[in-house]
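So the chains spell out like this:
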Amino acid sequence: MLAKQAENRRYLVPVDTASTQQLFTDCLVIGAGIAGLRAALEAAQHCNVTLVCKGTFSDSNTQNAQGGIASVLAETDSFQSHIADTLKTGGGIADAAVVERVIKEGPALIRQLDEWGTDFDRTDGQIDITLEGGHSHARVAHSHGDSTGRGIAESLIRRVRQTPTINVIENFYTIDLLTDKKNECIGVIGQRPSGSLQIIWAGATILATGGAGRLYRETTNPECATADGLAIAWRAGAVLRDMEFMQFHPTTLYIAGASRALVTETLRGEGAILRDGGGQPFMKEYDSAGELAPRDVVSRAILDRMLKTGATHVYLDIRHFDKDHFQRRFPLISELCESFDIDVSKDLIPVRPSAHYMIGGVKTDKDAATHIGRLFACGEIASTGLHGANRLGSNSLLEGLVFGKIAGQSAVSIINGSKPEYHRMQIEVPPSDRSRLDAEDVRNSLRALMWRNVGITRQQTPLTEAAEIITFWQRYVMDKVFTAPFGWECQNMLTVAGLMAYAANERKESRGVHYRQDHPDRDDKNFAKHIELKRE
Ligand SMILES: Cc1cc2nc3c(=O)[nH]c(=O)nc-3n(C[C@H](O)[C@H](O)[C@H](O)COP(=O)(O)OP(=O)(O)OC[C@H]3O[C@@H](n4cnc5c(N)ncnc54)[C@H](O)[C@@H]3O)c2cc1C
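So, how was this worked out
- Residues numbered from 1 in each chain as written.
- Predicted model: local features only at pLDDT ≥ 70, side-chain atom pairs only at ≥ 80, totals over all residues.
- Heavy atoms only, no water.
- Helix = DSSP H or I, 4+ residues; strand = E, 2+ residues; numbered from the N terminus.
- Contact = heavy atoms within 4.5 Å.
- Near = heavy atom within 4 Å.
- Polar contact = N/O pair within 3.5 Å; in protein donor to acceptor, adjacent residues only side chain to side chain.
- Areas by Shrake-Rupley, 256 points an atom, 1.4 Å probe, with all protein chains shown as cover.
- Nonpolar A, V, L, I, M, F, W, Y, C, P; charged D, E, K, R; others polar.
- Buried < 20%, exposed > 50% of the residue type's maximum accessible area, 1.4 Å probe, protein only.
- Pairing = 2+ DSSP bridges.
- Phe/Tyr/Trp six-rings, centres within 6.5 Å; stacked < 30°, edge-to-face > 60°.
- Lys NZ or Arg CZ within 6 Å of the ring centre and 35° of its normal.

**Q** Just give me the short version of the environment of Thr62, but keep the residues and values in it.
**A** When you line up the elements, Thr62 lands in helix H2 (residues 61–64). Placed 16 residues apart in sequence, Thr62 and His46 show a C-alpha to C-alpha distance of 26 Å. Setting aside anything within four residues of it in sequence, one finds Thr62 in contact with Gly33, Ile34, Gly149, Arg150, Ala153 and Leu397.

Here it is as structure tokens:
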């Protein structure tokens, strides 16, 4: 489906490559979460790699991942079971071949992480595995209790730093992909830490820029998750798919003014109870699986309870947990609760849902290739087909790991096959005579609008209203030339928000994480398919 946006700009900044600093690399990896790090390590065995990220290594969704990484690690478990759970959660539109591949490649890559120094929690030498909602077997490996993402990232970063063929540039903001007449990606324009523009020419480029949670007022995602890669790929002509599917996490700490820290669902797996403001447990009223129901069901149940009771949040009750076990098993949450004087053996933990994981993204094939030559995508930015309409918990780290490796391999084969033709590019951006809006105000208002109108439950009128307001903002923001990431991020957020509102309006049914109050049923006749968007 061709989609148009107000101010259909191809590039955000004017540039003449001849008078801009230039760097040449075989393979450029954009993003240093699990997907980008794993891709860089794979490619670096065969070619020179440049790995860039917009903040430091510590700013990524990966560093914040808590619960763990799912894979078949127990003899009592089976690939068939993990595949069946993933397909069931995917709401009928997951890609069975992709699901099978990711799940079957998982165990070996997790053992490799173990060899590379990821400090997985163990008992009697065996990696511990936990049961999580939606999984029919215990299969979620974790590191330092609820610091799994950090545990994995640290071991990958150590290895990246020890690899002489990887050149790391932190604080490098990628602004746009450079594409040629053959629709091939031949590099990027970005901003160096010093503030000057920089061209990086590359034989292959891997986008691993993560998610889009910061488009919402309430989110578990760190500051980097402003959907840059999605907008960058869109401007370059990539196909974006499933943009209506944003997964909300049911339980994030709700303390006004504090960031929305995630309270992992493993707690519910281990017996935590959700209670409303009156102290009543309510999940069984919504689903027979109670607290272990899938994320989207729990998120909607909480929202419904909040609306019915006029409350801003509900509570998670773990007063019956063994306090020592809780502190050992969930050190991050334990510390977080203590920092707000919540004594979990006596007090309830205030929680509410937040935007968590972007299921949709840049459409890729089985080799992580996009519709643009020499451009690959992996991790949360990619739409591989693994998750369908809903993501099974702990499957995203797994996807980043497996497709990171695949993207690295694919980049190497394209570099070995042929060289790109680099040539001077002169990019002009017409001056704007429209008024200037305050980017900070637009960002905040956009996040509130997305939460209100394109949130956990959706319907036609608010979606149409959101699309109209976003189009209005786009007219006044997309035509400007910014000189720093804050403005470019605002342009990227507006672009992606517009696509999400559009796709959410198009899908006139409820499936997976996408719930339409005006179309509450699943409609397989008309919508057992993906919505794909491409720039007009
Ligand atoms: C709080 C939280 C808990 C989670 N828990 C789990 C869990 O237990 N299990 C699980 O499987 N998943 C979990 N997830 C989801 C999972 O962490 C992510 O889906 C996954 O880590 C994404 O990895 P990634 O490599 O694709 O992107 P990220 O880890 O987000 O990395 C993105 C990288 O791209 C860079 N970048 C972005 N834009 C630009 C730009 N313009 N220029 C240059 N660089 C750029 C960033 O700097 C960053 O380095 C959780 C997520 C959150 C937020």
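Moving on from the coordinates now.
**Q** Please set out the site of the ligand residue by residue, giving values where relevant.
**A** What surrounds the ligand is a group of 37 residues, the closest being Thr62, Gly67, Gly68, Glu380 and Ser396. The backbone of Asn61 places a nitrogen or oxygen atom 2.9 Å from an oxygen atom of the ligand. Note that an oxygen atom of the ligand is positioned 2.9 Å from one of the backbone N or O atoms of Leu397. Coverage of the ligand by the protein chains reaches 98% of its 1,000 Å² of free accessible surface. Looking at the shell around the ligand, the elements with two or more residues in it are helix H1 (34–43), H2, strand E11 (173–179), strand E18 (349–358) and helix H12 (395–417). Taken together, the residues of the shell around the ligand sort by class into 12 nonpolar, 20 polar and 5 charged.

**Q** Lay out the pairing of E18 with the relevant residues and their values.
**A** Counted residue by residue, E18 has 10 buried out of 10 residues, so it is predominantly covered. Where strand E15 (residues 246–253) lies against E18, 6 bridges are found, and the strand directions are antiparallel. Bridging from a neighbouring strand, Leu253 pairs with Val351 of E18. Where strand E17 (residues 314–317) and E18 come together, 3 bridges link them in antiparallel fashion. Looking at E18, one finds that Leu316 is bridged to Ile349.

**Q** Can you lay out the packing of aromatic side chains for me, pointing to particular residues and giving the numbers?
**A** Within the structure shown, the criterion is met by 9 aromatic pairs. Note on Phe282 and Tyr286: the rings are 6.2 Å apart at their centroids and 85 degrees apart in plane angle, and the pair reads as edge-to-face. For Phe282, a relative accessible area of 1% corresponds to the buried category. Of the aromatic side chains, those joined through ring pairs into one cluster are Phe24, Trp201 and Tyr422. Of note, Arg10 hangs over the ring of Tyr11, and the distance from its end group to the ring centre comes to 3.9 Å. Arg443 extends its terminal NZ or CZ atom over the ring of Phe486, reaching a point 4.1 Å from the ring centre.

Purely geometric stuff here, so don't read any function into it on its own.
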